[in-house]
Amino acid sequence: MRVKDLPRRERPRERLMANGATALADRELLAVLLGSGFRGASAMDLAAQVIEHCGDLDGLARSEPHRLLAVHGVGPAKAARVIAAFHLVRRAQAEPEPTRITGTSDLATVVAPLLRGHSRERLVVMACDVRGAVLRRVVLTEGGSDHTTVPVRDIITAVLTAGGAAFGVAHNHPSGSLDPSDADVVATARLAEAAETVGLRFLDHLIVTDAAWRRVPF
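Residues numbered from 1 in each chain as written. Predicted model: local features only at pLDDT ≥ 70, side-chain atom pairs only at ≥ 80, totals over all residues. Heavy atoms only, no water.

Engineer: I keep staring at the pairing of strand E3 (residues 166-172) and nothing clicks. Help me out?
Structural biologist: Regular strands have side chains that alternate between both faces of the sheet. A large share of E3 lies buried, amounting to 7 of its 7 residues. Here E3 shows a buried face lined by Ala166, Gly168, Ala170 and Asn172 and a second buried face lined by Phe167, Val169 and His171. Where strand E1 (residues 122-128) and E3 come together, 6 bridges link them in antiparallel fashion. Paired with Val125 across the two strands is Val169, which belongs to E3. Here E3 pairs with strand E4 (residues 201-208) via 6 bridges, running parallel. Bridged to Ala170 within E4 is Leu206. For the segment spanning E3, helix H9 (residues 182-198) and E4, crossover handedness is right-handed. (Buried < 20%, exposed > 50% of the residue type's maximum accessible area, 1.4 Å probe, protein only. Helix = DSSP H or I, 4+ residues; strand = E, 2+ residues; numbered from the N terminus. Pairing = 2+ DSSP bridges. Right-handed = clockwise from strand over helix to strand, strands pointing away.)

Engineer: Where do I start with the sheet that holds strand E2 (residues 134-142) in this structure?
Structural biologist: One key point about sheets: their strands pair by backbone hydrogen bonds, in either a parallel or an antiparallel sense. Spatial ordering of the open sheet is given by E2-E1-E3-E4-E5, a layout of 5 strands whose pairing is mixed. Each edge of the open sheet carries a strand with a single partner, namely E2 and strand E5 (213-215). Taking each pair of neighbouring strands and ignoring which way they run, the sheet shows an average axis angle of 20 degrees. Each of E1, E2, E3, E4 and E5 touches helix H7 (residues 104-111); the most contacted strand, E4, lies at about 60 degrees to it. Where helix H8 (residues 152-161) meets the sheet, its contacts fall on E1, E2 and E3, and the angle it forms with E3 comes to roughly 130 degrees. (Axes fitted to C-alpha atoms, helices over the stretch in contact; angles between N-to-C directions. Contact = heavy atoms within 4.5 Å.)

Engineer: Looking at this model, I keep getting lost on the side chain of Thr188. Mind explaining?
Structural biologist: With respect to the helices, strands and loops of the structure, Thr188 is situated in helix H9. Residue classification places Thr188 among the buried positions, given a relative accessible area of 0%. Each residue touching Thr188, except ones within four places of it in the same chain, is listed here: Phe202, His205, Val216, Pro217 and Phe218.

Engineer: Any chance you could explain the nonpolar core here in plain terms?
Structural biologist: When a protein is soluble and globular, its nonpolar side chains tend to lie buried together. Grouped together as the largest cluster of nonpolar side chains are 20 residues, with contacts concentrated most on Leu30, Val50, Leu60, Leu68, Val74 and Val82. Going through the elements one at a time, helix H2 (26-34), helix H3 (43-54), helix H4 (57-61) and helix H6 (76-93) are the ones with two or more residues in this core. Examining the composition of this core, we find that 7 residues originate from one element, H3, more than from any other. Not counting chain neighbours up to four residues away, the residues in contact with Leu60 comprise Leu30, Val50, Ile51, Cys54, Leu68, Val82 and Phe86. If you look at the next biggest cluster of nonpolar residues, it comprises 17 residues, including Leu123, Val138, Ile156 and Phe167. (Core = buried A, V, L, I, M, F, W, Y, C linked by side-chain atoms within 4.5 Å.)

As structure tokens, this is what we get:
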């Protein structure tokens, strides 16, 4: 049954306006975002298919656009609305970013928004001046679900190009594990050595998950 064929008091959008978002089930909230279904399937049918395709609501929140586009009936406009909604929530929940880096927790706060909620590993580089003011924050590489490269030369070049005097790096673990791999430890040691060679101060290398962060020892 199409949503518009339901009595008005049972339609998701009307129920949201009358009773608030907490009165709606997950698929009903998603149906409001999707706006419509496709021939033979209502917006709520499509919403249920999208959630099932992603596994659960958490999987949907972490999905990239191409994953949503694999669901029949979801086009670029619908996928963009869903992805944008979840990213707005993450931004609203994020702590205010510090204007200066005075410690590892400041570094984590600055880089986390670029890492959390992604299904692929990313490497973020943050450059700052001698007083700790952030000059540049950029995603330098993006790999698979369980690895990404740590190109030492490219990192140093990015920091120097930004006019930085100090820098930190971070990458995410979509699996949720905070344990550094042997490769993480080796790459961190190489970064510290390279920074010393060119006169930069290496702040830290962090592993970030959706819920926490941890320093990679060096």
